[in-house]
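Summary of the model geometry
Single-letter residue listing:
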Amino acid sequence: MEGALLRRSEDIQRGRQLRIFFNTEEVECYEGETVAAALLASGRQVLRRTARRGEPRGVFCGMGVCFDCLVQIDGRSNRQACLTTVKDGMQVETRAADGSWGSQR
Amino acid sequence: MTESSAVIVGAGPAGISVAVTLAECGLQTTVVDENPLAGGQVFRQPPAGFQRAASAVSDSASRRGDELRRRFANLGDRIEFLGNRKVWGLFDSRRLAVANAAGWRMIQAERLVLAPGAYEFVPPFPGWTTPGVMTPGAAQLLAKSMHVLPGKRVLVAGTGPFLLVVANCLHDAGVRVVGVVECTTRSEALKAIPGLLSNLALASQGWRYLRRLRRAGIPIHTGHVILDAQGQEQVERVRFAPCDADWRPDRSRAVTVEVDTLCVGYGFIPRSELAQLAGCDMRWADELGGWIPATSEDGETSVNAVYVAGDGGGVAGALVAEYQGTLVGLHIARQAGAIDEATLQARRREVVRRLKKLRRFRRTLDKLSRVRPGLTELATDDTVVCRCEELTRSEVDIGVDAGCATYRSLKVATRLGMGPCQGRMCWPAMARRVALRTGRSMEQVGLISVRPPIVPMSVGELAEPESAETIRSGGSAT
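Here's a quick rundown of the structure.

Reading guide: rules and limits
- Residues numbered from 1 in each chain as written.
- Chains lettered and ligands numbered in written order.
- Predicted model: local features only at pLDDT ≥ 70, side-chain atom pairs only at ≥ 80, totals over all residues.
- Heavy atoms only, no water.
- Axes fitted to C-alpha atoms, helices over the stretch in contact; angles between N-to-C directions.
- Helix = DSSP H or I, 4+ residues; strand = E, 2+ residues; numbered from the N terminus.
- Left-handed = near helix turned anticlockwise from the far one by under 90°.
- Contact = heavy atoms within 4.5 Å.
- Nonpolar A, V, L, I, M, F, W, Y, C, P; charged D, E, K, R; others polar.
- Buried area = accessible area lost by both parts, 1.4 Å probe.
- Salt bridge = Lys/Arg side-chain N within 4 Å of Asp/Glu carboxyl O.
- Polar contact = N/O pair within 3.5 Å; in protein donor to acceptor, adjacent residues only side chain to side chain.
- Pairing = 2+ DSSP bridges.
- Phe/Tyr/Trp six-rings, centres within 6.5 Å; stacked < 30°, edge-to-face > 60°.
- Buried < 20%, exposed > 50% of the residue type's maximum accessible area, 1.4 Å probe, protein only.
- Expected span 1.5 Å × (residues − 1).

Another aspect to go through is the packing of helix H3 (residues 136-145) of chain B against helix H4 (residues 162-173) of chain B. Residue and element names in this part refer to chain B. Relative orientation of the contacting elements H3 and H4 amounts to 35°, with a least axis distance of 10 Å. Pair H3 / H4 crosses with left-handed handedness. Contacts from Pro-136, Gly-137, Ala-139, Gln-140, Ala-143 and Lys-144 in H3 reach Phe-162, Leu-163, Val-165, Val-166, Cys-169, Leu-170 and Ala-173 in H4. The class makeup of the residues in the contact of H3 with H4 is 10 nonpolar, two polar and one charged.

Of the residues lining the interface, 47 residues belong to chain A; the matching set on chain B comes to 60 residues. Counting each side, the surface lost to burial between chain A and chain B is near 4300 Å², with a carbon and sulfur contribution of 55%. Contact with chain B buries surface across chain A, with Arg-8, Phe-60 and Met-63 of chain A losing the most and accounting together for 18% of the total. At the boundary of chain A with chain B, the tally comes to five salt bridges. Residues Arg-52 of chain A and Glu-395 of chain B are paired through a salt bridge, measuring 2.4 Å at the closest nitrogen-oxygen approach. Put simply, chain A and chain B have 20 residue pairs in polar contact (both at pLDDT 80 or more) between them. Taken together, the elements giving at least two residues each to the side of chain A that touches chain B come down to strand E1 (12-13), helix H1 (35-41), strand E5 (56-57) and strand E7 (76-80) of chain A. The class makeup of the residues in the side of chain A that touches chain B is 20 nonpolar, 11 polar and 16 charged. Sheet topology note: the E1 of chain A/strand E3 (residues 51-52) of chain B ladder contains two bridges and is antiparallel. By the bridge assignment for E3 of chain B, Gln-13 of chain A is matched with Gln-51 of chain B.

Take the packing of aromatic side chains next. All chains considered together, the criterion is met by seven aromatic pairs over all chains. Ring geometry for Phe-60 of chain A against Trp-128 of chain B: centres 5.9 Å apart, planes inclined by 85°, an arrangement best described as edge-to-face. Of this pair, Phe-60 of chain A sits in the loop between E5 and strand E6 (70-73) while Trp-128 of chain B is found in the loop between strand E9 (118-120) and strand E10 (133-134), placing the two residues in two different chains. Classification of Phe-60 of chain A as buried rests on a relative accessible area of 1%. Trp-128 of chain B sits in the buried class, given a relative accessible area of 1%.

Moving on, we get to the sheet that holds strand E5 (residues 86-91) of chain B. Residues and elements named next belong to chain B. Here we have three strands laid out as an open sheet, ordered E5-E6-E7, and antiparallel in their pairing. The open sheet is flanked by E5 and strand E7 (103-108), the only strands paired with a single partner. In this sheet, neighbouring strand axes are inclined to one another by 25° on average, regardless of whether the strands run parallel or antiparallel. Pairing geometry for E5 and strand E6 (residues 95-100), over five bridges, is antiparallel. Within the sheet, the bridge partner assigned to Gly-89 lies in E6 and is Ala-97.

The subject of this paragraph is helix H1 (residues 13-24) of chain B. All names here are of chain B. End to end, H1 covers 16 Å across 12 residues, agreeing with the expected 16 Å (1.5 Å per residue, within 8%). A large share of H1 lies buried, amounting to 11 of its 12 residues. Considered for burial, the residues of H1 that qualify are Pro-13, Ala-14, Gly-15, Ile-16, Ser-17, Val-18, Ala-19, Val-20, Thr-21, Leu-22 and Ala-23. Once H1 finishes, Gly-26 follows within two positions and takes phi at roughly 90°, a positive value.

Listed below in structure tokens is the structure:
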């Protein structure tokens, strides 16, 4: 999916453009967006892999209840992507099935 | 210590309404919320720095939200708003442990108002953990607040009027909404029309949502239920089928649609964990979404100086939440001596009258959307039912059949509810399954056990509370 197509363009003027890092990839986003919104807008639905079955997970409740969107942010593990606001240069890392951070495997 | 007359947890319609009512009576309050801005989920705003064009669509609900937030902002000198804060614990019924990104601190509340709101009920079904399956609320937040589309081709499913709101919102945002799947059968919905017409304003709002979907050519499949979501890394297909009055599907008549996103939710569950931590007497109220603290009409719980307002005290929507918040605010204002008895009674009467006018409408909706047994049968043996611990239904059933019939015993035996969500996602559906499987009542099966920290905190974080200066937003002395 093309990221640009998932941002609404009508009726809105966004904040300052920023970039964050998703594992090693650069992601363009806007000040005020949550990490979850920024990643979804760039077409990234998978935010981690589970420990037991190695299954992909993404945004589910979107409001901080389900803890499915846990990522590592600037070295701090298990942060909720849906409740964290992006900061310029922020390093977002995914949890792999083997428990390591920073890869999608 | 805070000088506030009350600490309010939650800045949705109920919490804002409590704070505004108290501030208008001249009293100081402190409001704590997880989000950076006030509004809660229903009145969630775009982030600071985003500017909406004046032409942006507004309906009566969003105008109500704008009005409530404007009053909240205008009374800012009396309302200390602590955004981006999570309450991770509650001690001695009114001592709150409040965390932000920098650390945490204790806030002693002279009076505590819990206005935590509700979250969506999604019973497990095959494929419900696949990325692209999300709650209607999540999709709405993305589209309305973040101005990001949850996907390109979306199916909206579950039950309740909120589905119509979200389907409209997504359609307006430019998403291809391929349909709405609603469990309630057409004949049951038709029978509810007289009850719904008891409130013409709300009924016509619902009618407008329906008509707009019809004009957009979006089909509404009443009397249908989702069977499963398919796809490896992302949802690719969703199957649904006609269901009976108990919402049991006729699998032989399943329909498949190709979508990249499934928004699914079957009503709302009150967030009860803080009321439980405060030691409030809890009661099971099926028609109001689950376990709620027992309260008086003015929101007093069984614990001295602890109040509840809004969906957290029983799901009834934003308008009821706002009125309940006013009642709690007036009650506290009287307690604090800020208004006299005559003023209290006069204002109270008016709010109670408005709440009564909503009663028949609310009861009709509650009856329509009450959870039916078919929903607890959608999962198969190998469906993950505990999203955190990845337990399958058969693994939990083994525990149940071995004699575990409460949350606590199942948690010990199977790890159900042991993960970071602490049973909030799995237990509402699994409690129903345990009740059906063992022939016990929901009261006997019971509710989740809650203990702090109620959000994940590392030992390091717990050991090092930050200084008051870094965590308070400034303003009132500490």
